[in-house]
Amino acid sequence: MDITIGVRNQARELVLESDQSADEISAAVTAALTGKVALELTDAKGRRVIVPTEALGFVELGTETRGRVGFGTI
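Residues numbered from 1 in each chain as written. Predicted model: local features only at pLDDT ≥ 70, side-chain atom pairs only at ≥ 80, totals over all residues. Heavy atoms only, no water.

> It is not clear to me how the overall build of the protein chain should be interpreted in this structure. Could you clarify?
Regarding its fold elements, the protein chain presents one helix and five strands. Taken from the N to the C terminus, the helices and strands of the protein chain come in the order β-β-α-β-β-β. The dimensions of the protein chain, computed from C-alpha atoms along their principal axes, are 40 × 25 × 20 Å. In the protein chain, once contacts between residues fewer than 6 apart in sequence are set aside, the share between residues at least 24 apart is 51%. Taken as a whole, the protein chain presents about 5,400 Å² of accessible surface, with 51% of it coming from carbon and sulfur. The averaged location of the 11 negative side-chain charges in the protein chain is 5 Å from the averaged location of its 8 positive side-chain charges. (Helix = DSSP H or I, 4+ residues; strand = E, 2+ residues; numbered from the N terminus. Contact = heavy atoms within 4.5 Å. Areas by Shrake-Rupley, 256 points an atom, 1.4 Å probe, with all protein chains shown as cover. Lys, Arg positive; Asp, Glu negative; His and termini not counted. Charge placed at Lys NZ, Arg CZ, Asp CG, Glu CD.)

Spelled out as structure tokens, the structure:
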């Protein structure tokens, strides 16, 4: 799943690919907006992305990641 996070007062967006489902990511964003101090997600490579809740501009959920074809999958 491709995720794009807009951060207030920043020109660039955070873009990451995650193995989590859209429902899991949506639940994490909702939990962050309803009382948590930060939004915490893990990307497909195991890196953790933590964004303070007050800095969130938007969160865009892209399409589900499909199996890749070619030599990059080896």
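> Can you walk me through the pairing of strand 3 (residues 38-42) in this structure?
The two faces of the sheet receive side chains in turn, since in a regular strand these alternate between them. Side chains Leu 39 and Leu 41 of strand 3 all project onto a buried face; the interleaved residues Ala 38, Glu 40 and Thr 42 project onto a face where none is buried. Sheet topology places strand 3 next to strand 4 (residues 48-52); five bridges connect them, and they run antiparallel. From the neighbouring strand, Leu 39 faces strand 4, where its bridge partner is Val 51. Between strand 3 and the antiparallel strand that follows it, strand 4, lie five residues; Gly 46 among them carries a positive phi value of about 90°. (Buried < 20%, exposed > 50% of the residue type's maximum accessible area, 1.4 Å probe, protein only. Pairing = 2+ DSSP bridges.)

> Is there a simple way to explain the sheet that holds strand 5 (residues 56-61) in this structure?
Within a beta sheet, neighbouring strands are joined by backbone hydrogen bonds and run either parallel or antiparallel to one another. The strand order 2-1-5 describes an open sheet built from three strands, whose pairing is antiparallel. Looking at which strands have only one partner, the edges of the open sheet turn out to be strand 2 (14-17) and strand 5. With strand direction ignored, the average angle separating the axes of adjacent strands in the sheet is 15°. In this structure, strand 1 (residues 2-7) lies alongside strand 5, joined through five bridges in antiparallel fashion. Bridge pairing links Ile 5 to Val 59 in strand 5. Running at roughly 165° to strand 5, helix 1 (residues 22-33) makes contact with strand 1 and strand 5 of the sheet. (Axes fitted to C-alpha atoms, helices over the stretch in contact; angles between N-to-C directions.)

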